[in-house]
Amino acid sequence: MPTPSEGYRIDGKRVPSVTTIIGRFKESGALLRWAWNEGREGRDLYAARDKAADIGTAAHAMVEASIKGLDPEGCGQLQALDADGQSRARNAFQAYQQWASMCRLEIVEQEIQLISMQHGFGGTPDAIGRVNGELCLVDWKTSNSVYSDYLLQLAAYRQLWEESYPNLRLTGGFHLCRFSKDFGDFAHHYYSELDGAWQMFLHLRYAYEYDKELRKRAA
């Protein structure tokens, strides 16, 4: 989820978000390859990007609406699509509902802003829930693939939650719910542990501070 407008703060001092830390060191090759392919096929870069994002974004919005007890059909993101896009978004949402019903998903917290006092960063997980009775982290993504930075993000969110609520540990692992950009197809990915991802994120957290200082010296 996006960083709140006021940012994350510890004793009045702003600290970076999970996505800011990961984004500082994110490899951009996949984005460049996608842009090159769009140009090679003669498609308008920004039109292709917006159309691709809308279907998955609409499905994601329908999920959030249903969790909040609102009518998924009333989502502005859904209404903005053409008939084919709406159909694809609805199919993705229905597939998500089937999965949620099958595993008895219960949302406990949604978009709760958390701060790590120990490591100095903040983040807002999509949701904390129970799957088959086990407390877990649930995240929604709109993309055609699962990328390694998603796993870093999930691992960092676990740290934020368990540091803030040490008596409510996430024994049910991590559930990544993905809606593809192009077609809105739904896929569920489960990870029982992400210890390696947490270690990598922790290294990036401290590299972020060194990088910030070096950028100042190099300016």
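From a predicted model like this one, the values you see are computed outputs, not experimental measurements. (Residues numbered from 1 in each chain as written. Predicted model: local features only at pLDDT ≥ 70, side-chain atom pairs only at ≥ 80, totals over all residues. Heavy atoms only, no water.)

Novice: Explain the environment of leucine 154 to me, using residue names and the numbers behind them.
Specialist: Tracing the backbone through its elements, the reader meets leucine 154 in helix H6 (residues 148–164). Its relative accessible area of 1% is what places leucine 154 among the buried residues. For the pair leucine 154 and valine 18, spaced 136 residues apart in sequence, the C-alpha separation works out to 9.4 Å. (Helix = DSSP H or I, 4+ residues; strand = E, 2+ residues; numbered from the N terminus. Buried < 20%, exposed > 50% of the residue type's maximum accessible area, 1.4 Å probe, protein only.)

Novice: How would you explain the side chain of aspartate 149 if you had to name every residue and give the values?
Specialist: Topologically, aspartate 149 is positioned in helix H6. Look at aspartate 149 and you get buried, because its relative accessible area is 13%. Ignoring any residue separated from it by four or fewer positions in sequence, one finds aspartate 149 in contact with Ile22 and Lys26. (Contact = heavy atoms within 4.5 Å.)

Novice: Before we move on, could you go through the sheet that holds strand S3 (residues 106–110) and cite the residues and values that matter?
Specialist: The 5 strands lie next to each other as S3-S6-S7-S8-S9, forming an open sheet whose pairing is mixed. Strand pairing shows two members of the sheet lacking a second neighbour, S3 and strand S9 (186–191), which therefore form its edges. Averaged over all pairs of adjacent strands, the angle between their axes in this sheet comes to 30°, without regard to strand direction. Here S3 runs beside strand S6 (residues 127–131); their pairing, made up of 4 bridges, is antiparallel. By the bridge assignment for S6, glutamate 106 is matched with arginine 130. Each of S3, S6, strand S7 (134–142), strand S8 (174–179) and S9 touches H6; the most contacted strand, S7, lies at about 140° to it. (Pairing = 2+ DSSP bridges. Axes fitted to C-alpha atoms, helices over the stretch in contact; angles between N-to-C directions.)

Novice: So, the packing of aromatic side chains: which residues are in play, and what are the values?
Specialist: We describe a pair of aromatic rings using the distance from one ring centre to the other and the angle between the two ring planes. Overall, the coordinates contain 10 aromatic pairs when judged by the stated rule. Seen from their ring centres, tyrosine 147 and tyrosine 150 are 5.6 Å apart, and the 80° between their planes marks the pair as edge-to-face. Take tyrosine 147: its relative accessible area is 35%, and that puts it in the partly exposed class. Taking the relative accessible area as the measure of exposure, tyrosine 150 reaches 9% and is therefore buried. An aromatic cluster is defined as three or more aromatic residues linked by ring pairs; in this entry it consists of Tyr96, Trp99, Trp140, Phe179 and Phe186. Between lysine 141 and the ring centre of tyrosine 150, over which it is positioned, the NZ or CZ distance is 5.0 Å. (Phe/Tyr/Trp six-rings, centres within 6.5 Å; stacked < 30°, edge-to-face > 60°. Lys NZ or Arg CZ within 6 Å of the ring centre and 35° of its normal.)

Novice: Please give an account of the pattern of salt bridges that cites residues and values.
Specialist: Pairs may arise between side chains of opposite charge once their charged atoms sit close together. Throughout the structure, instances matching the rule amount to 9 salt bridges. A salt bridge links aspartate 211 to arginine 24; its shortest N-O distance comes to 2.6 Å. Of the two residues, aspartate 211 sits in helix H7 (residues 195–218) while arginine 24 sits in helix H1 (residues 18–24), which places them 187 residues apart along the sequence. Judged by relative accessible area, which is 18%, aspartate 211 ranks as buried. Between aspartate 84 and arginine 88 there is a salt bridge, with its nearest N and O atoms 3.0 Å apart. (Salt bridge = Lys/Arg side-chain N within 4 Å of Asp/Glu carboxyl O.)

Novice: Can you break down the nonpolar core residue by residue, with the values?
Specialist: Grouped together as the largest cluster of nonpolar side chains are 28 residues, with contacts concentrated most on Val18, Phe121, Leu137, Leu154, Leu194 and Phe201. Mapped onto this core, the elements with two or more residues apiece are H1, S7, H6, S8 and H7. The biggest single contributor to this core is H6, with 8 residues. Excluding residues within four positions of it along the chain, leucine 194 makes contact with Leu151, Leu154, Ala155, Arg158 and Phe174. In this structure, Ile55, Cys75, Leu78 and Trp99 belong to the second largest nonpolar core, which totals 26 residues. (Core = buried A, V, L, I, M, F, W, Y, C linked by side-chain atoms within 4.5 Å.)

Novice: Which residues make up unusual backbone geometry, and what values go with them?
Specialist: With glycine set apart, most residues show a phi of negative sign, and most peptide bonds adopt trans. The phi dihedral of aspartate 11 falls on the positive side, at around 55°, and the residue is not glycine. Positive phi, close to 55°, is recorded for asparagine 132, a residue that is not glycine. Assignment of secondary structure puts asparagine 132 in the loop between S6 and S7. Judged by its relative accessible area of 42%, asparagine 132 falls in the partly exposed class.

Novice: Let's hear about the state of the cysteines: which residues, and what values?
Specialist: Going through the model one piece at a time under the given rule, you end up with 0 disulfides. Free cysteine: cysteine 136, not disulfide-bonded; nearest cysteine sulfur from cysteine 103 at 7.8 Å. There is no disulfide at cysteine 177, and the cysteine sulfur nearest it, in cysteine 103, is 7.8 Å away. (Disulfide = S-S within 2.5 Å.)

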